[in-house]
Amino acid sequence: MRYEFRVSGHLSTAVAGAFPELEETTVADETVLYGPVTDEAHLYGLLARFQDLGLHVVEMRRLPQ
C-alpha cells in the first residue's frame, strides 16, 4: 500500500528526517509526504509520529498501486 499525507506548513530537515520511509515535497503552505505503508500498525505508527511532532495532518489518502 502507498499513502499520501498532507501536513500544514513546511517541515524542517530535522522533522522531515523523522519519516525516512517517506518521500517529501512542498506545495503552497503544505508538505506532502508519500510512500509505502506496510500494514495497519505502520499506518497508526506514522499517525502517532505526526501527532508526537505536533504536525497537523490535513489530508491522508491511499494511493493507487
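Up top you'll find the structure we're talking about.
Since the structure is predicted, the reported quantities are computational estimates derived from the model, not experimental observations. Per chain, residues are indexed from 1 in the order of the written sequence. Predicted model: local features are reported for residues with pLDDT of at least 70 only, side-chain atom pairs are reported and counted for 80 or more only, and whole-chain, interface and lining totals are derived from all residues. The side-chain numbers reported here are obtained from all heavy atoms of the structure, hydrogens and water having been left aside.

### Considerations on the packing of aromatic side chains
- Note on ring pairs: Phe, Tyr and Trp rings are taken, using the six-membered ring of Trp, and paired if centres are within 6.5 Å. Classes follow the plane angle, with under 30 degrees stacked, over 60 edge-to-face and the rest tilted. Taken as a whole and assessed by the stated rule, the structure comprises three aromatic pairs.
- Judged by centre distance (6.2 Å) and plane angle (20 degrees), the ring pair of Tyr 3 and Phe 5 falls under stacked. Phe 5 carries the same exposure label as Tyr 3, and that label is buried.
- Between the aromatic rings of Phe 5 and Phe 50, the centroid separation amounts to 5.2 Å while the plane-to-plane angle is 45 degrees, which identifies the pairing as tilted. Of this pair, Phe 5 sits in strand β1 (residues 2-8) while Phe 50 sits in helix α2 (residues 40-52); the two residues are 45 residues apart in sequence, bridging distant segments of the chain.
- Exposure remark for Phe 50: the relative accessible area of 1% places this residue in the buried category. Think of it in three bands: with a 1.4 Å probe and only protein chains considered, a residue is buried below 20% of the maximum accessible area for its type, exposed above 50%, and partly exposed in between. Per the convention used, a helix needs a DSSP run of H or I reaching at least four residues, while a strand needs a run of E reaching at least two, with both numbered from the N terminus.

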